[in-house]
Amino acid sequence: MREQDELLTIGRFARLCRLSVKQLRHYDDTGLLPPTRVDPATGYRYYAADRARDALTVALLRELDVPLAVIAATLAGDEPDRARLLRAERDRVAERIIRDRARLELLERLADGGGLPGYEVAADREPERRLAVVRAVTGPAELGERVGECVGRLLARLDGVPWRPPLWGLFPLDLGEGMRIAVGAEAPPLPAGPEAPERLVLPGGPVLAVVHHGSYAQLPLAYHALLAAVHERGLRPVPPVREAYLVGPGEAPAEEWMTRLVVRVEERVEGGS
(Lines give C-alpha, C1' and ligand atoms only; values in the text may rest on other atoms or scores of the structure.)
Protein backbone atom coordinates (compact mmCIF):
# COMPACT_ATOMS: atom_id res chain seq x y z
CA MET A 1 0.00 0.00 0.00
CA ARG A 2 2.88 2.34 0.65
CA GLU A 3 3.87 2.42 -3.08
CA GLN A 4 0.26 2.96 -4.10
CA ASP A 5 -0.16 5.73 -1.53
CA GLU A 6 2.71 7.62 -3.20
CA LEU A 7 0.99 7.42 -6.59
CA LEU A 8 -1.79 9.63 -7.86
CA THR A 9 -5.16 8.34 -8.93
CA ILE A 10 -6.07 8.94 -12.56
CA GLY A 11 -8.51 11.66 -11.51
CA ARG A 12 -5.97 13.61 -9.45
CA PHE A 13 -3.30 13.17 -12.11
CA ALA A 14 -5.70 14.40 -14.81
CA ARG A 15 -6.46 17.57 -12.85
CA LEU A 16 -2.76 18.16 -12.20
CA CYS A 17 -1.89 17.84 -15.90
CA ARG A 18 -4.88 19.63 -17.42
CA LEU A 19 -6.09 16.48 -19.13
CA SER A 20 -9.34 14.59 -18.83
CA VAL A 21 -9.63 11.07 -17.47
CA LYS A 22 -10.92 10.00 -20.87
CA GLN A 23 -7.82 11.43 -22.57
CA LEU A 24 -5.48 9.67 -20.15
CA ARG A 25 -7.23 6.36 -20.78
CA HIS A 26 -6.91 6.92 -24.53
CA TYR A 27 -3.22 7.79 -24.24
CA ASP A 28 -2.72 4.61 -22.22
CA ASP A 29 -4.55 2.51 -24.82
CA THR A 30 -2.38 3.95 -27.60
CA GLY A 31 0.84 3.50 -25.62
CA LEU A 32 1.58 7.22 -25.57
CA LEU A 33 1.32 7.78 -21.82
CA PRO A 34 0.94 4.53 -19.85
CA PRO A 35 0.27 4.73 -16.10
CA THR A 36 2.96 3.90 -13.61
CA ARG A 37 0.87 1.09 -12.13
CA VAL A 38 -2.41 -0.64 -12.85
CA ASP A 39 -4.10 -2.43 -9.95
CA PRO A 40 -4.54 -6.03 -11.17
CA ALA A 41 -7.65 -6.53 -9.06
CA THR A 42 -9.55 -3.34 -9.88
CA GLY A 43 -7.94 -2.12 -13.11
CA TYR A 44 -7.48 1.34 -11.55
CA ARG A 45 -4.66 3.35 -13.07
CA TYR A 46 -2.09 5.18 -10.89
CA TYR A 47 0.52 7.72 -11.94
CA ALA A 48 3.77 8.88 -10.39
CA ALA A 49 4.08 12.62 -9.93
CA ASP A 50 7.25 12.67 -12.01
CA ARG A 51 5.14 11.70 -15.06
CA ALA A 52 3.49 15.11 -14.90
CA ARG A 53 6.06 16.75 -17.18
CA ASP A 54 5.39 14.23 -19.96
CA ALA A 55 1.64 14.55 -19.46
CA LEU A 56 1.80 18.35 -19.58
CA THR A 57 3.90 18.12 -22.75
CA VAL A 58 1.26 15.90 -24.31
CA ALA A 59 -1.49 18.34 -23.30
CA LEU A 60 0.42 21.29 -24.74
CA LEU A 61 1.25 19.60 -28.04
CA ARG A 62 -2.30 18.29 -28.49
CA GLU A 63 -3.55 21.84 -27.92
CA LEU A 64 -1.28 22.78 -30.85
CA ASP A 65 -2.85 19.96 -32.92
CA VAL A 66 0.40 17.98 -33.14
CA PRO A 67 -0.36 14.38 -34.25
CA LEU A 68 -0.09 11.68 -31.60
CA ALA A 69 2.65 9.85 -33.52
CA VAL A 70 4.82 12.98 -33.50
CA ILE A 71 4.17 13.50 -29.79
CA ALA A 72 5.18 9.91 -29.04
CA ALA A 73 8.41 10.30 -31.01
CA THR A 74 9.09 13.62 -29.26
CA LEU A 75 8.70 12.09 -25.81
CA ALA A 76 10.92 9.14 -26.72
CA GLY A 77 13.69 11.19 -28.38
CA ASP A 78 16.67 12.98 -26.97
CA GLU A 79 16.97 16.76 -27.12
CA PRO A 80 18.29 17.00 -30.74
CA ASP A 81 15.58 14.59 -31.92
CA ARG A 82 12.87 16.55 -30.13
CA ALA A 83 14.06 19.80 -31.69
CA ARG A 84 14.16 18.23 -35.15
CA LEU A 85 10.66 16.77 -34.82
CA LEU A 86 9.19 20.01 -33.55
CA ARG A 87 10.85 22.03 -36.31
CA ALA A 88 9.38 19.64 -38.88
CA GLU A 89 5.94 20.05 -37.30
CA ARG A 90 6.39 23.84 -37.31
CA ASP A 91 7.16 23.70 -41.04
CA ARG A 92 4.07 21.55 -41.66
CA VAL A 93 1.88 24.10 -39.89
CA ALA A 94 3.50 26.96 -41.81
CA GLU A 95 2.74 25.22 -45.11
CA ARG A 96 -0.85 24.68 -44.03
CA ILE A 97 -1.17 28.37 -43.13
CA ILE A 98 0.10 29.36 -46.58
CA ARG A 99 -2.47 27.07 -48.23
CA ASP A 100 -5.23 28.39 -45.97
CA ARG A 101 -4.26 31.98 -46.74
CA ALA A 102 -4.53 31.24 -50.46
CA ARG A 103 -7.97 29.70 -49.92
CA LEU A 104 -8.99 32.74 -47.90
CA GLU A 105 -7.92 35.07 -50.71
CA LEU A 106 -9.99 33.06 -53.18
CA LEU A 107 -13.05 33.11 -50.96
CA GLU A 108 -12.67 36.84 -50.33
CA ARG A 109 -12.52 37.52 -54.06
CA LEU A 110 -15.58 35.34 -54.64
CA ALA A 111 -17.49 37.00 -51.80
CA ASP A 112 -16.53 40.54 -52.85
CA GLY A 113 -17.62 39.85 -56.42
CA GLY A 114 -20.90 38.23 -55.42
CA GLY A 115 -19.84 34.91 -56.92
CA LEU A 116 -17.46 33.72 -59.61
CA PRO A 117 -15.63 36.69 -61.15
CA GLY A 118 -16.18 37.43 -64.79
CA TYR A 119 -13.42 36.52 -67.22
CA GLU A 120 -13.45 37.18 -70.94
CA VAL A 121 -12.43 33.93 -72.62
CA ALA A 122 -11.35 34.58 -76.20
CA ALA A 123 -10.88 32.28 -79.17
CA ASP A 124 -7.52 32.83 -80.81
CA ARG A 125 -4.78 31.16 -82.83
CA GLU A 126 -1.36 30.48 -81.40
CA PRO A 127 1.79 30.24 -83.52
CA GLU A 128 4.12 27.30 -83.18
CA ARG A 129 6.62 28.02 -80.42
CA ARG A 130 10.06 26.48 -80.04
CA LEU A 131 11.01 26.54 -76.40
CA ALA A 132 14.03 25.78 -74.27
CA VAL A 133 12.55 24.06 -71.21
CA VAL A 134 13.45 22.55 -67.86
CA ARG A 135 11.18 19.99 -66.25
CA ALA A 136 10.14 18.83 -62.79
CA VAL A 137 7.90 16.24 -61.18
CA THR A 138 5.64 17.48 -58.40
CA GLY A 139 2.36 17.23 -56.56
CA PRO A 140 -0.28 19.95 -56.18
CA ALA A 141 0.94 21.05 -52.74
CA GLU A 142 4.47 21.78 -53.99
CA LEU A 143 3.48 23.11 -57.41
CA GLY A 144 4.30 26.78 -56.79
CA GLU A 145 7.67 25.93 -55.24
CA ARG A 146 8.62 23.60 -58.10
CA VAL A 147 7.65 26.21 -60.71
CA GLY A 148 9.85 28.77 -58.95
CA GLU A 149 12.75 26.31 -58.94
CA CYS A 150 12.25 25.64 -62.66
CA VAL A 151 12.28 29.36 -63.40
CA GLY A 152 15.58 29.73 -61.53
CA ARG A 153 17.17 26.77 -63.32
CA LEU A 154 16.01 27.94 -66.73
CA LEU A 155 17.19 31.51 -66.30
CA ALA A 156 20.58 30.28 -65.10
CA ARG A 157 20.96 28.14 -68.22
CA LEU A 158 19.81 30.99 -70.49
CA ASP A 159 22.23 33.48 -68.96
CA GLY A 160 23.70 35.48 -71.83
CA VAL A 161 21.30 33.92 -74.37
CA PRO A 162 18.92 36.26 -76.25
CA TRP A 163 15.65 34.59 -75.27
CA ARG A 164 12.28 36.20 -75.92
CA PRO A 165 9.81 36.90 -73.06
CA PRO A 166 7.49 35.80 -71.65
CA LEU A 167 8.35 32.69 -69.69
CA TRP A 168 5.90 29.84 -70.23
CA GLY A 169 4.64 27.31 -67.69
CA LEU A 170 3.37 24.00 -69.08
CA PHE A 171 1.00 21.85 -67.04
CA PRO A 172 -1.20 18.76 -67.44
CA LEU A 173 -4.97 19.16 -67.51
CA ASP A 174 -5.35 17.06 -64.35
CA LEU A 175 -3.34 18.05 -61.29
CA GLY A 176 -2.15 15.10 -59.24
CA GLU A 177 0.81 13.54 -57.49
CA GLY A 178 3.75 12.79 -59.74
CA MET A 179 2.66 15.20 -62.49
CA ARG A 180 5.27 16.44 -64.95
CA ILE A 181 5.55 20.19 -65.44
CA ALA A 182 7.90 22.42 -67.40
CA VAL A 183 8.96 26.04 -67.65
CA GLY A 184 10.28 27.34 -70.95
CA ALA A 185 11.18 30.33 -73.07
CA GLU A 186 11.56 30.96 -76.79
CA ALA A 187 15.30 30.84 -77.35
CA PRO A 188 17.76 29.79 -80.05
CA PRO A 189 19.22 26.27 -79.82
CA LEU A 190 22.13 25.99 -77.41
CA PRO A 191 25.20 23.79 -77.75
CA ALA A 192 24.59 20.25 -76.53
CA GLY A 193 25.72 19.54 -73.00
CA PRO A 194 24.55 18.36 -69.58
CA GLU A 195 23.35 21.86 -68.68
CA ALA A 196 21.63 22.62 -71.99
CA PRO A 197 17.82 22.99 -71.68
CA GLU A 198 15.62 20.46 -73.44
CA ARG A 199 14.08 21.61 -76.74
CA LEU A 200 10.29 21.45 -77.06
CA VAL A 201 7.98 22.42 -79.92
CA LEU A 202 4.55 23.68 -78.88
CA PRO A 203 2.17 23.17 -81.80
CA GLY A 204 0.24 26.16 -83.06
CA GLY A 205 -3.43 26.19 -83.83
CA PRO A 206 -6.78 27.24 -82.41
CA VAL A 207 -6.85 28.03 -78.69
CA LEU A 208 -9.01 29.52 -76.02
CA ALA A 209 -7.25 32.04 -73.79
CA VAL A 210 -7.96 34.22 -70.78
CA VAL A 211 -5.90 36.84 -68.96
CA HIS A 212 -5.74 36.72 -65.16
CA HIS A 213 -4.84 39.79 -63.10
CA GLY A 214 -3.66 39.03 -59.57
CA SER A 215 -1.63 36.56 -57.55
CA TYR A 216 -0.96 33.01 -58.65
CA ALA A 217 -3.00 31.79 -55.67
CA GLN A 218 -6.11 33.07 -57.50
CA LEU A 219 -5.32 31.35 -60.81
CA PRO A 220 -7.93 28.60 -60.14
CA LEU A 221 -10.61 31.22 -60.81
CA ALA A 222 -9.22 31.83 -64.30
CA TYR A 223 -8.83 28.10 -64.92
CA HIS A 224 -12.47 27.62 -63.94
CA ALA A 225 -13.58 30.16 -66.53
CA LEU A 226 -11.25 28.85 -69.24
CA LEU A 227 -12.08 25.15 -68.92
CA ALA A 228 -15.80 25.85 -68.48
CA ALA A 229 -15.72 27.77 -71.76
CA VAL A 230 -13.93 24.88 -73.49
CA HIS A 231 -16.69 22.45 -72.58
CA GLU A 232 -19.56 24.89 -73.10
CA ARG A 233 -18.35 25.46 -76.68
CA GLY A 234 -18.22 21.73 -77.37
CA LEU A 235 -14.45 21.63 -77.70
CA ARG A 236 -11.77 19.23 -76.47
CA PRO A 237 -8.77 20.64 -74.56
CA VAL A 238 -5.36 19.43 -75.69
CA PRO A 239 -2.63 19.40 -73.02
CA PRO A 240 -0.44 20.96 -71.89
CA VAL A 241 -2.20 24.00 -70.49
CA ARG A 242 0.09 27.00 -71.02
CA GLU A 243 0.67 29.89 -68.64
CA ALA A 244 2.39 32.95 -70.09
CA TYR A 245 3.82 35.13 -67.30
CA LEU A 246 3.34 38.61 -68.75
CA VAL A 247 3.93 40.50 -65.48
CA GLY A 248 5.23 38.65 -62.46
CA PRO A 249 7.25 38.78 -59.24
CA GLY A 250 9.87 41.51 -59.17
CA GLU A 251 8.00 43.55 -61.78
CA ALA A 252 4.89 44.66 -59.87
CA PRO A 253 2.89 44.01 -56.68
CA ALA A 254 1.03 40.69 -56.63
CA GLU A 255 -2.33 42.30 -57.37
CA GLU A 256 -0.86 43.63 -60.64
CA TRP A 257 0.63 40.37 -61.89
CA MET A 258 -0.71 39.34 -65.30
CA THR A 259 -0.87 35.75 -66.50
CA ARG A 260 -2.32 34.56 -69.80
CA LEU A 261 -3.78 31.05 -69.71
CA VAL A 262 -3.91 29.26 -73.04
CA VAL A 263 -5.25 25.84 -73.97
CA ARG A 264 -5.18 24.40 -77.47
CA VAL A 265 -8.56 23.08 -78.54
CA GLU A 266 -10.01 20.67 -81.08
CA GLU A 267 -13.53 19.96 -82.21
CA ARG A 268 -15.02 17.26 -80.05
CA VAL A 269 -15.57 14.09 -82.02
CA GLU A 270 -19.17 12.88 -81.74
CA GLY A 271 -19.26 9.87 -79.46
CA GLY A 272 -15.60 10.36 -78.46
CA SER A 273 -14.17 11.01 -75.04
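Residues numbered from 1 in each chain as written. Predicted model: local features only at pLDDT ≥ 70, side-chain atom pairs only at ≥ 80, totals over all residues. Heavy atoms only, no water.

Where an unreviewed UniProt entry is consulted, the protein appears under the name MerR family transcriptional regulator, with the organism given as Kitasatospora purpeofusca.

A.B. asks: Describe the UniProt feature "domain: HTH merR-type" (unreviewed entry) in the protein, and please don't skip the residues or the numbers.
C.D. replies: The positions UniProt marks with the feature "domain: HTH merR-type" (unreviewed entry) are residues 7–77. In this annotation, residues 7–77 is assigned 54% helix and 10% strand; the end-to-end C-alpha distance for the span is 26 Å. (UniProt positions renumbered as here; feature names shortened; annotations may be inferred. Helix = DSSP H or I, 4+ residues; strand = E, 2+ residues; numbered from the N terminus.)

A.B. asks: Provide a residue-level description of the layout of surface pockets, including the pertinent values.
C.D. replies: The computed volume of the largest pocket comes to approximately 1,600 Å³. Lining the largest pocket are 46 residues, with Leu143, Gly144, Tyr216, Ala217 and Leu219 positioned closest to its centre. Residue contributions to the lining of the largest pocket peak at eight residues, all from helix H6 (residues 79–112). Per-class residue counts for the lining of the largest pocket are 28 nonpolar, eight polar and ten charged. (1 Å grid on protein atoms, 1.4 Å probe; cavity = no way out; pocket = protein on both sides within 12 Å on 5 of 7 lines; lining within 4 Å. Points joined across faces, edges and corners; volume = space filled by probe spheres on them. Nonpolar A, V, L, I, M, F, W, Y, C, P; charged D, E, K, R; others polar.)

A.B. asks: Lay out the environment of Leu86 with the relevant residues and their values.
C.D. replies: One can find Leu86 in helix H6. It is 45 Å that separates the C-alpha atoms of Leu86 and Trp163, two residues lying 77 residues apart in sequence. The residues touching Leu86, leaving out its near neighbours within four places in the chain, are Leu61 and Thr74. (Contact = heavy atoms within 4.5 Å.)

A.B. asks: Explain unusual backbone geometry to me, using residue names and the numbers behind them.
C.D. replies: Across the chain, the bulk of peptide bonds are trans and the bulk of non-glycine residues have phi less than zero. That bond from Pro165 to Pro166 is cis: its omega, 5 degrees, falls within 30 degrees of zero. Along the chain, Pro166 falls in strand S6 (residues 164–171). Cis geometry is adopted by the peptide bond preceding Pro240, which originates at Pro239 and carries an omega value of 5 degrees. For Pro240, the position within the fold is in strand S10 (residues 235–247). A positive phi angle is found at Arg18, which is not glycine, with a value near 60 degrees.

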